[in-house]
Amino acid sequence: MRDYLKTFAGIVVAILVSACMAGCGGGSGSSGMSGLLSGASGIFGSSPKLTVAPIIGAPKNVGSELTKALIVAGKDRNLTITPGTSGEEYVLRGYLIATPERRGSKISYIWDVTDAKGTRVTRVSGEEMVAKGSHSKPWRGVDSTVIRTIAAKTTSQLAAKLPGGRSGSTAPVAAAPAAATTAAAATASAPARPAKAGPAKVLVGSVSGAPGDGRRSLPTALKKRLYKKGIKLANATSGRIYTVKGTVKLTSASGGKESIRISWQVFDPNGKALGTVTQQNTIPKGSLNGPWGAIADAAAGAAADGIIKLLPKSS
């Protein structure tokens with residue numbers, strides 16, 4: 001797990017783990033795939049060849065099915081995709097996060113492609129909204145249709161960015177109810193109030209309790225996410241400034257894992273707490289002791305919308 005995080009170093013955001021990465025499921029992912037793999041390699045003379053590392057953040061069954069879906073979707077886009085962590089010219093490492101929404105949940109995904117030397121070649125990402133699921137079981141509604149949709153969109157982006165890839169049939173899979181990821185349950189403790197990104201100025205403060213470089217990478221990632229959504233950022237506390245402070249708490253879990261909880265508390269200019277957005281997941285013990293990389297970016301992305309909802313429409 002630590003190796004995966006190192007390859008993500010240099011990015012900003014995310015969660016968690018919570019975003020996080022709940023159990024890297026899938027192992028090598030080779031068992032039971034012989035039918036899918038037959039003919040997957042060598043079909044296209046100049047086909048970019050990628051191995052898919054165990055997917056971070058998704059339940060084991062979802063990660064396994066998504067790996068198979070990527071293999072199938074890649075064929076139509078001149079991509080030769082196989083499960084594993086090495087052996088081809090590129091390695092594809094993915095991170096999934098599920099965030100409960102008012103009307104279902106949102107699955108966010110980030111994919112990093114590295115070359116044989118471990119240098120990142122490109123990154124693709126996206127989101128899928130699903131109609132089913134709950135705050136306590138965000139993955140429940142994620143079905144085969146949603147998984148195939150993510151695989152199709154991912155491989156289309158990869159084909160456009162890798163030499164030798166080609167656009168394939170991109171007929172969208174009918175949007176089906178899916179659930180949010182167990183990887184990051186982000187919920188607001190205060191009633192959600194529809195709010196546009198408005199003129200409120202926000203100061204992203206410190207993050208306490210985070211292992212590794214989380215104290216730096218989490219706030220940096222959140223600033224970038226909020227800025228992209230139109231929030232004005234402040235670097236001083238003078239004036240009418242809203243403040244966001246983060247707290248990370250790790251607790252031991254069974255099976256060599258630990259539970260991680262990220263809480264983002266929003267305060268108004270007078271210091272009154274407006275609400276808290278939380279993200280929680282189970283991860284391999286010690287997996288965040290180094291660079292958070294893409295995990296910080298994912299965590300921040302999952303939390304940003306909830307934080308914005310706690311801000312007033314104008315200030």
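Every value quoted in this text rests on a predicted model; they were computed, and no experiment measured them. (Residues numbered from 1 in each chain as written. Predicted model: local features only at pLDDT ≥ 70, side-chain atom pairs only at ≥ 80, totals over all residues. Heavy atoms only, no water.)

**Focus on the overall build of the protein**
What the protein contains, in helices and strands, is 6 helices and 11 strands. In the protein, which comprises 315 residues, the share counted as buried stands at 53%. Long-range contacts, defined as pairs at least 24 residues apart, comprise 78% of the intrachain contacts of the protein with a sequence gap of at least 6. (Helix = DSSP H or I, 4+ residues; strand = E, 2+ residues; numbered from the N terminus. Buried < 20%, exposed > 50% of the residue type's maximum accessible area, 1.4 Å probe, protein only. Contact = heavy atoms within 4.5 Å.)

**A look at the sheet that holds strand β3 (residues 90-101)**
Strands sit in the order β2-β1-β3-β4-β5 across an open sheet of 5 strands; the sheet is mixed. Pairing within the sheet leaves two strands with one partner each, and these edge strands are β2 (80-83) and β5 (120-130). Taken over all neighbouring pairs, the strand axes of this sheet differ in orientation by 25° on average, direction set aside. The sheet contact formed by β3 and strand β4 (residues 104-115) spans 12 bridges and is antiparallel. Looking across to β4, one finds that G94 is bridged to W111. Along the sheet face, helix α3 (residues 60-75) touches β1 (49-52), β2, β3 and β4 and points at about 160° away from the line of β2. (Pairing = 2+ DSSP bridges. Axes fitted to C-alpha atoms, helices over the stretch in contact; angles between N-to-C directions.)

**Quick look at the nonpolar core**
Ranked by internal contacts, the top residues of the largest apolar core, which has 36 residues, are L218, L226, W264, W292 and I307. Elements supplying a minimum of two residues to this core: β3, β7 (201-208), α5 (214-228), β9 (241-253), β10 (257-267), β11 (273-284) and α6 (294-310). With 11 residues, α6 is the largest single contributor of residues to this core. Once you skip the residues sitting within four places of it in the chain, W264 turns out to touch V207, L218, L222, V244, K245, G246, G275, T276, V277, Q279, A303 and I307. Counting residues in each nonpolar core, the second largest holds 31 residues, with I55, A69, L79 and V113 among its members. (Core = buried A, V, L, I, M, F, W, Y, C linked by side-chain atoms within 4.5 Å.)

**Section: the packing of α3 against helix α4 (residues 144-161)**
Interhelical geometry of α3 versus α4 gives an angle of 50° and a closest axis separation of 8 Å. Judged by the inter-axis angle, α3 sits oblique to α4. The two elements α3 and α4 meet at a crossing, and its hand is right-handed. Where α3 approaches α4, its residues V62, E65, L66, A69, L70, A73 and G74 are matched on the opposing element by S144, I147, R148, I150, A151, A152, T154 and T155. Looking at the contact of α3 with α4 residue by residue, the class counts come to 9 nonpolar, 4 polar and 2 charged. (Parallel < 35°, antiparallel > 145°, perpendicular 65-115°, else oblique. Left-handed = near helix turned anticlockwise from the far one by under 90°. Nonpolar A, V, L, I, M, F, W, Y, C, P; charged D, E, K, R; others polar.)

**Structural notes on the packing of aromatic side chains**
Evaluated as defined, the whole model comprises 0 aromatic pairs. Between the NZ or CZ atom of K245 and the centre of the ring of F267, over which it lies, the distance is 5.8 Å. (Phe/Tyr/Trp six-rings, centres within 6.5 Å; stacked < 30°, edge-to-face > 60°. Lys NZ or Arg CZ within 6 Å of the ring centre and 35° of its normal.)

**Looking at the pattern of salt bridges**
As enumerated under the stated definition, the model contains 7 salt bridges in all. Across the salt bridge formed by K106 and E127, the nearest N and O atoms sit 3.8 Å from each other. Pair noted here: K106 is in strand β4 and E127 is in strand β5, with a separation of 21 residues, a long-range link. For E127, a relative accessible area of 41% translates into the label partly exposed. R225 is the salt-bridge partner of D297, the closest N and O atoms lying 3.2 Å from each other. Of this pair, D297 sits in helix α6 while R225 sits in helix α5, placing them 72 residues apart in sequence. A residue is classified by how much of its surface remains accessible, and D297, at 11% relative accessible area, is buried. A network of salt bridges, in which partner residues are shared, links K106, E127, K229 and D305. (Salt bridge = Lys/Arg side-chain N within 4 Å of Asp/Glu carboxyl O.)

**Notes on the side chain of E128**
Topologically, E128 is positioned in strand β5. Not counting the four nearest positions on each side in its chain, E128 is found in contact with S105, K106, I107, Y109, T149, I150 and K153.

**Description of the environment of L222**
Residue placement: L222 occurs in helix α5. For the pair L222 and A304, spaced 82 residues apart in sequence, the C-alpha separation works out to 6.9 Å.

**Things to note about unusual backbone geometry**
Working note: non-glycine residues mostly have negative phi, and peptide bonds are mostly trans. In this structure, N78 is a non-glycine residue whose phi angle is positive, near 60°. As for its placement among the helices and strands, N78 is situated in the loop between α3 and β2.

**Focus: the environment of T67**
Structurally, T67 is set in helix α3. The exposure class assigned to T67 is buried, which follows from its relative accessible area of 7%. Along the primary structure T67 and I55 are separated by 12 residues, whereas in three dimensions their C-alpha atoms are 8.0 Å apart.

**Details of the packing of α5 against α6**
Two elements in contact, α5 and α6, have axes separated by 8 Å at closest approach and are oriented at 50°. Put simply, α5 runs oblique to α6. The handedness of the crossing between α5 and α6 is right-handed. Where α5 abuts α6, its residues S217, L218, A221, L222, R225 and L226 lie against A296, D297, A299, A300, G301, A304, I307 and I308. Its residues assigned to classes, the contact of α5 with α6 comprises 10 nonpolar, 2 polar and 2 charged.

Geometric values such as these leave the question of function open.
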